[in-house]
Amino acid sequence: MIMLNNISVIFDKQTALQRVALDHVSLAMRPGDFITIIGSNGAGKSTLLKLIAGEVRPAHGKIFFDSIDVTHVSVEERAAYIGHVYQDPRLGTCVDFTVEENLAFAAERGKQRGLRLACNRKMRSLYRALLKGAALGLENRLSDKAMTLSGGQRQALSLMMATFQLPKILLLDEHTAALDPKTAKNILAVTKKIVADHHITTLMVTHHLLHALNMGNRTILMQEGKIIRDFDEATRAKIKPEEMIEYF
Ligand SMILES: Nc1ncnc2c1ncn2[C@@H]1O[C@H](COP(=O)(O)OP(=O)(O)OP(=O)(O)O)[C@@H](O)[C@H]1O
Ligand SMILES: [Mg+2]
């Protein structure tokens, strides 16, 4: 169970640029919840994800992972529990590393052993099988540097890396927004499969209303730093995407 209790995030506090990005937000995520997040630009969606990852700190309020207060736990310490995929395909991978090295890095994250161990034959066939699932030809690119991959291929690799160690929570911030429709569809299908196979608690930000209403089991709507609606699966099934636009 992941809980946010009465969280506010204020940027540039006590300056002329002060901005309340999250305004008294509370949210309880049940294990296995797959929550989609919608809302206008600047509503606080990315800030909410960064708050959970520890990349931004709250002015007040508390964050709990399984009843443990992690509000003051560092990004590095939280990283073992979190998978984060961003909108920009360049952010999730190390561009100078090969596909295999990137995956080995994800496999060894939080462990003491070096990269070498995660690059053996057994691991290589595991990586190949994982990459094949994305249907983007990545399984034949293990020794290519990540910088040579297309945006879609890099996002697929980022997703594999973010979920390799089965995080407590997967944070997806418009992770298909920069991709062509067919590649976006592939990545969403892979996302659905990984999340369903391993029951990973997931938060997915999207501006695509149809995706938001069709994926996962719950949709929250944000406006000006607040969660203004929280739709369960049954309620959201009755809503047409175009009806959502009035909330923006
Ligand atoms: N590092 C920062 N410093 C100052 N202000 C910030 C910072 N990050 C976000 N903000 C402000 O906080 C508010 C919420 O931003 P956020 O990025 O969370 O919005 P969003 O809902 O993800 O928007 P979008 O749909 O455009 O991605 C915005 O007003 C933004 O300008
Ligand atoms: Mg954002």
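All of these numbers come straight from a predicted model, not from anything done at the bench. (Residues numbered from 1 in each chain as written. Chains lettered and ligands numbered in written order. Predicted model: local features only at pLDDT ≥ 70, side-chain atom pairs only at ≥ 80, totals over all residues. Heavy atoms only, no water.)

**Q** Looking at this structure, how should I read the packing of aromatic side chains?
**A** When we look at a pair of aromatic rings, we describe it by the centre distance and by the angle of the planes. Under the criterion given, the structure shown has three aromatic pairs. When the ring of Phe65 is compared with that of Tyr81, the centres are 6.4 Å apart and the planes differ by 80°; the resulting orientation is edge-to-face. Highlighted residues: Phe65 in strand β4 (residues 60-65) and Tyr81 in the loop between α2 (75-79) and β6 (82-85), separated in sequence by 16 residues. Here Phe65 falls in the buried class, since its relative accessible area comes to 4%. Owing to a relative accessible area of 41%, Tyr81 belongs among the partly exposed residues under this scheme. (Phe/Tyr/Trp six-rings, centres within 6.5 Å; stacked < 30°, edge-to-face > 60°. Helix = DSSP H or I, 4+ residues; strand = E, 2+ residues; numbered from the N terminus. Buried < 20%, exposed > 50% of the residue type's maximum accessible area, 1.4 Å probe, protein only.)

**Q** It is not clear to me how the site of ligand 1 should be interpreted in this structure. Could you clarify?
**A** Lining the immediate environment of ligand 1, one finds 14 residues, of which Arg19, Gly42, Lys45, Ser46 and Thr47 sit closest. Between an oxygen atom of ligand 1 and a main-chain N or O atom of Gly42, the distance comes to 2.8 Å. A distance of 3.0 Å separates an oxygen atom of ligand 1 from a polar side-chain atom of His207. When the free accessible area of ligand 1 is taken as 630 Å², the share hidden by the protein chains comes to 65%. (Near = heavy atom within 4 Å. Polar contact = N/O pair within 3.5 Å; in protein donor to acceptor, adjacent residues only side chain to side chain. Areas by Shrake-Rupley, 256 points an atom, 1.4 Å probe, with all protein chains shown as cover.)

**Q** Quick question: what am I supposed to make of helix α5 (residues 151-163) here?
**A** Along an α-helix, a turn takes 3.6 residues, which lines up residues three or four apart on a common side. An ideal rise of 1.5 Å per residue puts 18 Å on 13 residues; α5 measures up with 18 Å between its terminal C-alpha atoms. Counting buried positions along α5 gives 12 out of 13 residues, so the element sits mostly inside the fold. Within the span of α5, buried status applies to Gly152, Gln153, Arg154, Gln155, Ala156, Leu157, Ser158, Leu159, Met160, Met161, Ala162 and Thr163. Elements in contact with the buried residues of α5: β6, α3 (99-108), α4 (121-132), β7 (169-173) and α6 (181-198). (Expected span 1.5 Å × (residues − 1). Contact = heavy atoms within 4.5 Å.)

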